Amino acid sequence: MQVVKSGQKPIDLTVCDYFHNPVGYSIDHLSMSWKLPAVRNGIRQTAYQIVAAHNKDSLDTNPIWDSGKVISDMSINVPYGGKPLLSRERVYWKVRYWDEHGKISGWSDINFFEAGLLSNSDWHGKWILSSDPRIKQINRNTERTKTSKRSADYVPPAYFRKEVKVENSVVSARLYVACRGVFQFYINGEKVGKDFWGTGWTDYNKRIQTNTYDITTLVSSGENTFAAVIGDGWYSGNFGWKPGSRGLYGDRPELLAQIEIVFKDGTRKTISTDDTWKYSYGPIIYSDIYDGEKYDARREMPNWNKNGFDDSKWKNPKSKNVEAIPLLEPRRNQPIVVKDVLLPISVRKISDGTYIFDLGQNMTGRPRIKIPSDEGRKITVRYGEMLNKDGTLYTENYRSAECIDTYVSAGKFGFDEWEPMFTFRGFRYVELSGLQRNSKPTSEWVRGVVLYNDIPLTGSFVCSNPKVNILQNNIQWTQRSNFFSVPMDCPQRDERLGWAADAQIYCSTATFNMNVKAFFAKWLIDLSDTINFEGAVGHMAPIIDNNYGSAGWSDAMVVATWDIYMAYGDKNILSQNYNAMKSWVDYMKKESKDLIRPDTGFGDWLQPNSRQTNGNKYSPMSDAPNSLIGTAYFVRCADLLSKSAEILGYVGDAKKYAGLADDVRKAFRAKFISSDGVVVGDCQTSYLLPLAFDIVPKAQRVKIFDNLIKAINRDGGMLNTGIIGTQFLNPILTEFGRPDLAYKILLNEVQPSWLHAVNMGATTLWERWDGFNPKEGFGTTAMNSFNHPVYGSIGKWLYKYVAGIWYDESVAGYKNIMFAPTIGGGLTFAASNYETPYGTATSSWKMHEGIVEWKVIIPPNATGTLKFPTKNRKSICINGNLVDDSKLLLDNDIFVMRNVESGTYEIQVKSFGFSQE
Ligand code: BGC
């Protein structure tokens, strides 16, 4: 916990989706958050005051907004009350609070936020693009692609430049960029910004995010060269597993840039892309997300992005006007940056000139190679997540994504250093071939450059079982690998798509590991952009095909929105997506027959031992019928929509959708549940869904739960769930009194289980329970990712039930924190720290000779509800004192203490009598 020794001013000021001093991020819903310092137990806010001004110096004398003293305990997502910002406007702000004794704090440090270009009409330049026909340079696809006949023509990334004289002395300068594709921008030879992958992936036909850079230190009076390289990326590269998936949005990438300079005398200069810029091709021959990059160092153009370069042979680009659509919007999520650089743990020779480097960790990004070479030598770089038995790369699971980079040396240096620019993939192993025969590679020759959106880590979990700790580490690495502009299903094969079920199922775990508020806020807009003319939501976002309405997938529109609201407590996420949520629920009603959803969709995807093999061992239909899964989600979505309506004050809708949820509940029960509690499908997922979504009355729950246990016993005491059912298995077992079985399932090491993969040396989560085993080798190549987040839904169980930290559903955003560890599974300790919007929460327990020592930290301005893991009320001691009986409530057989004020608590309980211990 962060302790401020002197002063008690607010700390960690952020704006909107927890951005520190943002320049050019979305300000659609401008709000402010801060934290109180944890200087003493019980510290809380009773009032606050925010002032905002155009200058730091005028905050006290000439503010543009002064909230005055507002009696409120709100310290997160407080709406900005000044006038809506104009494009480019910069505002400074500070805040102070009144504490629980009415004492006023010092003012916080001064922070700021700055608007980007808010409207398409702010862009004065033109889109620029290369004007040559697409070049059929490569035609090598037939051999490698067993499943696809994707066209393999590439247009090389174009290099643009423009030299401009700046005649005055520069006070400040900004660069605004939008890109159809991906870009790297340079000013006077220096790369602008630490980010890669441009403005990220959106439905480019509807909206394009824009980046804003403060380039004040890069521009000076005199000559300046503005330059950029642009690549296909998601816009015009190969994308999607279907044949002919090149150029989803356009034929080639396009760039729109605007440089705005403010001079000392108050005048301004704007430099924009237009057809007076010049372009050429350079050393990058092609660069494709799936297929890789080819770079020929012999074609380098030294100093192409600096002043004085002779571009007389370069061409003028084609240009296009900026239209009203797509919307050009300041970006909503953090950009993709280099988050880590991995060193190989071993280097092994495969044959003369061919070596495999093991990074020791499955990851997403690109390599950095440093090799001795000679002119014209072609180095081929291949990748794998796994190795074949003979030690060669296992590449079959990349399917039609070629994932090969090629580097041709100019032989100019002792060592050539290179990393590809516009391609990425998931890999652990890097193979270099084509090296000099006598070369002696060392681990210095390869690095793994880890890339993902710059989202801060917020949660940790550790316990006494080392294999569970590896699982937790694998969950976090899988999130690192797949939060790449959109929540991807996997980072390696010809998908890397924002499949919506994967995102919604993993969402809660994701909120614990990292602060994903902005990341999901952006993706939920992508998802709402998929809505078709009938009101249906796509099953992935951005959508690349024509499929809508899959149960569990499209429901992400409601479920993930709700999960993000719960985790971060910001109503804006509900209001922003409310119409889309409503559209989805209304569509379900329209599409259903007697409120039962149709039997379509993916079912309980990848259930391991389904009876409905349908002739396909690898991707069977699940035992739980699709219509049952769909109807269960219909209840859930109608419920959540009703709750959202209530929170937003839409009284009529709240009532209407609560009524609809009840009607669908009844229809579900009538259609799928027999009087003895047998649910159609008679499998784990069939029983889990009505329990998880509160579809059955209390009396019936016991029977259904008994039938769930029977189903588990029939399955040998193991899980038999696909991605839909798995997320509920351990939580429901725990909630309904069988944490012992939940632990057993977690700790099972036989396939299907999480720890099977751990035993196989996994460093990320697998897509399939049967991804690999020594007896049968690899699972089907048709679908066998070794870096797939969705089964990471178990992470939520580890945090919420094992360590015992969760939000209180009645007060979103961890304003009140539920602390409820579940002792069991032979664990002797478990601990979690979680950075809530109010500060760090901790739950850490140790078990010793029947005594549980439990440390709880409740962050400032929040409260806690403590659920003691004991049935013996006389054994509860807090900070050395026996607890006063009157402070305890008995809730479902558990002793609970509510409204515990912020602070640190050392608790001791005897776990005597605790169920299943
Ligand atoms: C993806 C899944 C996804 C699914 C749809 C797969 O290929 O990797 O995780 O949800 O397709 O069924």
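Participant: Before we go on, may I ask you to explain the overall build of the protein chain in this structure?
Facilitator: Regarding its fold elements, the protein chain presents 15 helices and 49 strands. Its C-alpha radius of gyration of 28 Å places the protein chain within 12% of the 29 Å reference for a compact globule of 917 residues. Reported as C-alpha extents along the three principal axes, the dimensions of the protein chain are approximately 85 × 75 × 55 Å. In the protein chain, which comprises 917 residues, the share counted as buried stands at 63%. Sequence separation of 24 or more characterises 75% of the internal contacts of the protein chain that already satisfy a separation of 6 or more. In the form shown here, the protein chain has an accessible surface area of approximately 33300 Å², with 49% of it arising from carbon and sulfur atoms. Positive and negative charge centroids in the protein chain, built from 107 and 100 side chains respectively, lie 1 Å apart.

Participant: Looking at this structure, how should I read the pattern of salt bridges?
Facilitator: Pairing is possible between side chains that carry opposite charge, provided their charged atoms lie close to one another. Taken as a whole, this structure holds 53 salt bridges when the rule is applied. Between Glu444 and Arg447 there is a salt bridge, with the nearest N and O atoms lying 3.4 Å from each other. Owing to a relative accessible area of 15%, Arg447 belongs among the buried residues under this scheme. In this structure, Lys517 engages Asp570 in a salt bridge whose closest nitrogen and oxygen atoms are separated by 2.5 Å. Within this pair, whereas Lys517 is found in helix H5 (residues 517-528), its partner Asp570 is found in the loop between helix H6 (556-568) and helix H7 (571-591), the two being separated by 53 residues in sequence. Accessibility classification places Lys517 together with Asp570 in one group, the buried group.

Participant: Teacher, can you tell me more about the sheet that holds strand S6 (residues 78-79) here?
Facilitator: Paired through their backbone hydrogen bonds, the strands of a sheet run either parallel or antiparallel. Reading across from one edge, S1-S2-S6 is the order of the three strands in this open sheet, with antiparallel pairing throughout. In this open sheet, the two strands that pair with only one neighbour each are strand S1 (11-15) and S6. Sheet analysis places S1 next to strand S2 (residues 31-35), joined by three bridges and oriented antiparallel. Paired with Ile11 across the strands is Lys35, a residue of S2.

Participant: Where do I start with the pairing of strand S18 (residues 268-272) in this structure?
Facilitator: Where a strand is regular, its side chains alternate between the two sheet faces. Inspection of the sheet shows strand S17 (residues 254-263) paired to S18 by five bridges, in the antiparallel sense. Considered in S18, the bridge of Val262 is made with Arg268. Where S17 hands over to S18, the hairpin turn is made up of four residues, of which Gly266 adopts a positive phi near 90 degrees.

Participant: Please clarify how the site of the ligand should be interpreted in this entry.
Facilitator: The environment of the ligand is made up of Asp489, Arg493, Glu495, Trp499, Asp502, Trp553, Phe602, Trp605, Glu767, Met783 and His788. Here an oxygen atom of the ligand and a side-chain polar atom of Asp502 are 2.5 Å apart. Interatomic distance of 3.0 Å between a side-chain N/O atom of Trp553 and an oxygen atom of the ligand. When the ligand sits alone it has 310 Å² of accessible area, and the protein chains cover 96% of it. Grouping the constituent residues of the shell around the ligand by class yields five nonpolar, one polar and five charged.

Participant: What am I meant to see in H7 here?
Facilitator: Given 3.6 residues to a turn, an α-helix orients residues that are three or four positions apart in the same direction. A rise of 1.5 Å per residue sets the reference length of H7, with its 21 residues, at 30 Å; its end C-alpha atoms lie 29 Å apart and thus fit the reference within 8%. Where H7 bends most, at Asn577, the angle is about 55 degrees. Inspection of H7 places Ile573, Leu574, Asn577, Tyr578, Ala580, Met581, Ser583, Trp584, Val585, Tyr587 and Met588 among the buried residues, and these make up the whole buried set. The elements touched by buried residues of H7 are H5, H6, helix H8 (626-648) and helix H9 (651-672).

Participant: Quick question: what am I supposed to make of unusual backbone geometry here?
Facilitator: Keep in mind that most residues, glycine aside, have a negative phi and that most peptide bonds are trans. The omega angle of the peptide bond from Ala541 to Pro542 is -10 degrees, so this bond is cis rather than trans. On the secondary structure map, Pro542 appears in the loop between H5 and H6. Gln751 connects to Pro752 through a cis peptide bond whose omega is 0 degrees. Inspection of the secondary structure puts Pro752 in the loop between helix H13 (739-747) and helix H14 (754-759). A positive phi is found at Arg88, a non-glycine position, where the angle reads about 75 degrees. Since its relative accessible area comes to 28%, Arg88 is described here as partly exposed. One non-glycine residue, Leu606, adopts positive backbone phi at about 65 degrees. Position of Leu606 among the secondary structure elements: in the loop between H7 and H8. Exposure remark for Leu606: the relative accessible area of 8% places this residue in the buried category.

Participant: Please explain the side chain of Glu329 as it appears in this structure.
Facilitator: Topologically, Glu329 is positioned in strand S23 (residues 327-330). Within the local environment of Glu329, its side chain forms a polar contact with the side chain of Arg207, the two groups lying 2.9 Å apart. Every residue in contact with Glu329, bar those within four places of it in the chain, is listed here: Arg207, Ile208, Gln209 and Thr210.

Participant: In this structure, what is going on with the sheet that holds strand S39 (residues 805-807)? I would like to understand it.
Facilitator: Here five strands make up an open sheet; going across it, the order is S39-S40-S44-S48-S47 and the pairing mixed. The two strands at the open ends of the sheet, each matched to only one other strand, are S39 and strand S47 (889-891). Pairwise comparison of adjacent strand axes, ignoring direction, gives a mean angle of 30 degrees for this sheet. Pairing geometry for S47 and strand S48 (residues 894-900), over three bridges, is antiparallel. Counted as the bridge partner of Asp891 is Ile894 from S48.

Participant: Looking at this structure, I do not really get the packing of aromatic side chains. What am I missing?
Facilitator: A ring pair, where both rings are aromatic, is described by two values, the distance of the centres and the angle of the planes. If you walk through the whole model with that rule in mind, you get 60 aromatic pairs. Between the NZ or CZ atom of Arg90 and the centre of the ring of Phe112, over which it lies, the distance is 3.9 Å. A cation over an aromatic ring shows up here: Arg496 above the ring of Phe424, its NZ or CZ 5.1 Å from the ring centre.

Participant: Please clarify how the packing of helix H12 (residues 723-735) against helix H15 (residues 794-803) should be interpreted in this entry.
Facilitator: The description of two helices packed together rests on the angle between their axes and the distance between the axes. Taken N-terminus to C-terminus, the directions of H12 and H15 make an angle of 30 degrees; their axes are 8 Å apart at the nearest point. One finds that H12 runs roughly parallel with respect to H15. In this structure, H12 uses Asn730, Pro731, Thr734 and Glu735 to contact H15, whose residues at the interface are Ile794, Trp797, Lys800 and Tyr801. A class-by-class count of the residues in the contact of H12 with H15 yields four nonpolar, two polar and two charged.

Participant: Can you walk me through the environment of Pro157 in this structure?
Facilitator: As for its placement among the helices and strands, Pro157 is situated in the loop between helix H1 (141-144) and strand S10 (158-166). Once the C-alpha coordinates of Pro157 and Asn168 are considered, the two residues, 11 residues apart in sequence, prove to be 34 Å apart. With near-sequence residues (within four places) excluded, Pro157 lies in contact with Val229, Ile230, Gly231, Ser280, Tyr281, Ile284, Ile285, Tyr286, Ser287 and Phe422.

Participant: Sorry, what's going on with the environment of Ala173 here?
Facilitator: Mapping Ala173 onto the fold places it in strand S11 (residues 170-180). Residue classification places Ala173 among the buried residues on the basis of a relative accessible area of 1%. Apart from residues lying up to four places away in sequence, Ala173 is in contact with Tyr213, Asp214, Ile215, Thr216, Val219, Glu260 and Ile261.

Participant: Before we go on, may I ask you to explain the environment of Ile475 in this structure?
Facilitator: Among the secondary structure elements, Ile475 is positioned in helix H3 (residues 466-482). Sequence separation between Ile475 and Ile208 is 267 residues, and the spatial gap between their C-alpha atoms is 31 Å. For Ile475, the residues in contact, after removing those within four places along its chain, are Tyr506, Thr509, Asn513, Leu765, Gly792, Ile794, Gly795 and Leu798.

Participant: Which parts of the structure should I look at to understand H3?
Facilitator: With 17 residues, H3 extends 24 Å from end C-alpha to end C-alpha; this agrees with the ideal 24 Å at 1.5 Å per step. Taken as a whole, H3 has its buried residues at Val468, Leu471, Gln472, Asn474, Ile475, Gln476, Trp477, Thr478, Gln479, Arg480, Ser481 and Asn482. Regarding H3, its N-cap is Asn465, as a side-chain oxygen of that residue lies 2.8 Å from the backbone nitrogen of Lys467 further along.

Basis of the calculations
Residues numbered from 1 in each chain as written. Predicted model: local features only at pLDDT ≥ 70, side-chain atom pairs only at ≥ 80, totals over all residues. Heavy atoms only, no water. Helix = DSSP H or I, 4+ residues; strand = E, 2+ residues; numbered from the N terminus. Rg over C-alpha atoms; globule rule 2.2 N^0.38 Å. Buried < 20%, exposed > 50% of the residue type's maximum accessible area, 1.4 Å probe, protein only. Contact = heavy atoms within 4.5 Å. Areas by Shrake-Rupley, 256 points an atom, 1.4 Å probe, with all protein chains shown as cover. Lys, Arg positive; Asp, Glu negative; His and termini not counted. Charge placed at Lys NZ, Arg CZ, Asp CG, Glu CD. Salt bridge = Lys/Arg side-chain N within 4 Å of Asp/Glu carboxyl O. Pairing = 2+ DSSP bridges. Near = heavy atom within 4 Å. Polar contact = N/O pair within 3.5 Å; in protein donor to acceptor, adjacent residues only side chain to side chain. Nonpolar A, V, L, I, M, F, W, Y, C, P; charged D, E, K, R; others polar. Expected span 1.5 Å × (residues − 1). Bend = angle between axes of the 7 residues up to and from the residue. Axes fitted to C-alpha atoms, helices over the stretch in contact; angles between N-to-C directions. Phe/Tyr/Trp six-rings, centres within 6.5 Å; stacked < 30°, edge-to-face > 60°. Lys NZ or Arg CZ within 6 Å of the ring centre and 35° of its normal. Parallel < 35°, antiparallel > 145°, perpendicular 65-115°, else oblique.

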